[in-house]
Amino acid sequence: MKKIVLLMYTLICLSVYSNNSYSPIYPTTVGINIGKGKKVGEFKIFNTGDKVKTFEVSVKDTDNFETPSLIKEYIKVFPKSFSLKPGETKTIRVMLRDFPKELMGKGEYRGALLIKGLSSKIENQYESKDQKGITASVDIKIDVSMAVYVLTGNEKTEVEIISKKIQGDRTILELKNKGNYSYEVLVEALDKKGKLIEEGYPVKVIAGDSQKFPIKGTNISKVKIYDVKESKKNNLILEKSY
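Let me begin by describing the structure that accompanies this report.

Procedures and definitions
- Residues numbered from 1 in each chain as written.
- Predicted model: local features only at pLDDT ≥ 70, side-chain atom pairs only at ≥ 80, totals over all residues.
- Heavy atoms only, no water.
- Helix = DSSP H or I, 4+ residues; strand = E, 2+ residues; numbered from the N terminus.
- Contact = heavy atoms within 4.5 Å.
- Salt bridge = Lys/Arg side-chain N within 4 Å of Asp/Glu carboxyl O.
- Buried < 20%, exposed > 50% of the residue type's maximum accessible area, 1.4 Å probe, protein only.
- Pairing = 2+ DSSP bridges.
- Axes fitted to C-alpha atoms, helices over the stretch in contact; angles between N-to-C directions.
- Phe/Tyr/Trp six-rings, centres within 6.5 Å; stacked < 30°, edge-to-face > 60°.
- Lys NZ or Arg CZ within 6 Å of the ring centre and 35° of its normal.

## Details of the overall build of the protein chain
Point 1. Secondary structure assignment for the protein chain yields 1 helix and 17 strands.
Point 2. The contacts of the protein chain with a sequence gap of at least 6 include a subset with a gap of at least 24, amounting to 65%.

Okay, here's the thing in structure tokens:
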């Protein structure tokens, strides 16, 4: 009995972690460049479970940083509520309506959507010498907050490495996005011979904010930073030697 209780406690802990990281959504953010005449963005929700599920999508009062959103009233979503059978997918349209002219040309504005009805299924199995094994499953419902970025002018891509620190066997680079919109970047680190030490994964850097990138090793001689389009390395936007 104690073994079963311990197993269930472990699964609950894993479920809490999954609540923060699991999301059957693509892409995980929506960007709309109204400065270039674009007024519609979209994303997809997948039912990866084995039961019919009902989803609800609404516009939050704040952005993903819990800051009051200045564009909430101009963001519309369709559909707001729907059901999906196992394996089905739904495309959600995010639209800008009656966007005020006085906000145009002033950089990036942020909002967020709240998506209800998602779930994550955790399974685990316990085995010992005197037992065949116990399989336990936890299916939890989760809510996901999804960022919406609205750019009101021409895109300005500019990043700066504001610090480089050694922590144990790692190098911590801190990048600041000095551009006027939020976008994903990929960081490459090379040694003195030009050999690739590590290529990170795409990470979104928020306009005006900084982001830390831990890199394995301390013998970094050069850093290359690329912007990312459709999950692929695109343009080289910064190269710095040490």
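## As for the pattern of salt bridges
Two side chains of opposite charge can pair, provided their charged atoms sit close to one another.
Point 1. Overall, the coordinates contain 8 salt bridges when judged by the stated rule.
Point 2. A salt bridge links Lys 156 to Glu 158, with the shortest nitrogen-to-oxygen separation between them at 3.7 Å.
Point 3. Given a relative accessible area of 43%, Lys 156 falls into the partly exposed group.
Point 4. In this structure, Lys 178 and Glu 160 form a salt bridge, with 3.2 Å as the shortest nitrogen-oxygen distance.

## With respect to the sheet that holds strand S10 (residues 159-167)
Point 1. The antiparallel open sheet is built from 3 strands, whose spatial order is S10-S11-S15. Lying at the two open borders of the sheet, with one neighbouring strand each, are S10 and strand S15 (210-216). Direction aside, neighbouring strands of the sheet carry axes that sit 25° apart on average.
Point 2. With 8 bridges joining them, S10 and strand S11 (residues 170-177) adopt antiparallel strand pairing. Residue Gln 167 lies in a different strand from S11, and its bridge partner there is Arg 170.

## Details of unusual backbone geometry
Point 1. Here the residue pair Tyr 26 and Pro 27 is connected by a cis peptide bond, since its omega of -15° sits within 30 degrees of zero.
Point 2. The residue Pro 27 is located in the loop between strand S1 (25-26) and strand S2 (29-33) in this model.
Point 3. Backbone torsion omega between Phe 78 and Pro 79 reads -5°, so that peptide bond is classified as cis.
Point 4. Here Pro 79 shows up in the loop between strand S5 (75-78) and strand S6 (81-84).

## Digging into the sheet that holds strand S7 (residues 89-96)
Point 1. Spatial ordering of the open sheet is given by S1-S3-S7-S5, a layout of 4 strands whose pairing is antiparallel. The sheet terminates laterally at S1 and S5, the two strands that pair on one side only.
Point 2. When S1 meets strand S3 (residues 40-46), the two strands line up antiparallel, connected through 2 bridges. Its bridge partner being in S3, Tyr 26 is matched across the sheet by Lys 44.

## Brief notes about the pairing of S11
Point 1. Most of S11 sits inside the fold, with 6 of its 8 residues counted as buried.
Point 2. Between the antiparallel neighbours S10 and S11 lie 2 residues, among them Gly 168 with a positive phi of about 65°.

## Brief notes about the packing of aromatic side chains
Point 1. Going through the model one piece at a time under the given rule, you end up with 4 aromatic pairs.
Point 2. Between Tyr 181 and Tyr 183 the ring centres are 4.8 Å apart and the planes differ by 35°, which places this aromatic pair in the tilted class. Assigned by exposure class, Tyr 181 and Tyr 183 land together as buried.
Point 3. The rings of Tyr 74, Phe 99 and Tyr 109 are connected pair by pair, giving a single aromatic cluster.
Point 4. For the cation-ring pair, Lys 164 lies above Tyr 242, with the distance from its terminal atom to the ring centre recorded as 4.9 Å.
Point 5. Stacked on the ring of Tyr 226, the Lys or Arg Lys 233 has its end atom at 4.7 Å from the ring centre.

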